[in-house]
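Coordinates in review
So the chains spell out like this:
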Amino acid sequence: MAMGMPRKEFWYGETWAAVEYRRAYDLRLEQESQFAWLQGLYFFDGVSVAISNALRKKGTRAQDYIKEPIRITPLSPQEKAAKERAEQNKIIAYFSNLERASDRENEAARASMLLSADGSEMIICPHCDTYQTRRSVCMKCKAAL
Ligand SMILES: [Zn+2]
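Note that the coordinates shown come from a computational prediction; the quantities given were computed from them, not determined experimentally.

**Comments concerning the overall build of the protein chain**
Helix and strand counts for the protein chain come out as 3 helices and 2 strands. Each helix and strand of the protein chain, placed in order from N terminus to C terminus, yields the pattern α-α-α-β-β. Relative to the globule expectation of 15 Å for 145 residues, the C-alpha radius of gyration of the protein chain, 32 Å, shows a markedly less compact shape. Principal axes of the C-alpha set define a box for the protein chain whose edges measure 105 × 40 × 25 Å. Residues counted as buried form 0% of the 145 residues belonging to the protein chain.

Put into structure tokens, the structure is as follows:
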């Protein structure tokens, strides 16, 4: 009866029904345990964030509580595709930044080589990434330097 089976069904119902009630009861117990565990995880995270923020050194950034609830059901195909796209964009952005940074380093190296060659000071325009002799306006994009 503790498993939720009505007395009448227990005594007069199908014999396999008791087995099914037992199985459903076990599943419910398992589910309750998982909820309790998840609640503990949220609680632990909340307390950890609060303590680490209270004890953090001056100038360090405060930690945030988890941005969104922990996902326990599987993602739908659309959600999966959107997530993959976001990951790809992140990777592409990372490598383009890396490439841009390395281009800038190469430009800087070339500019300093030119500096030693003809004696004039070279700079790189932060707007269009071209190197040129020092002046107040970029010769390519006309931006102020
Ligand atoms: Zn420019």
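**Re helix 2 (residues 15-54)**
Here helix 2 spans 60 Å end to end across 40 residues, near enough to the 58 Å set by a 1.5 Å rise per residue. Of all 40 residues in helix 2, 0 are buried, a share of ten percent or less.

Cut-offs applied
Residues numbered from 1 in each chain as written. Predicted model: local features only at pLDDT ≥ 70, side-chain atom pairs only at ≥ 80, totals over all residues. Helix = DSSP H or I, 4+ residues; strand = E, 2+ residues; numbered from the N terminus. Rg over C-alpha atoms; globule rule 2.2 N^0.38 Å. Buried ≥ 20, exposed ≤ 12 C-beta atoms within 10 Å, placed from the backbone. Expected span 1.5 Å × (residues − 1).

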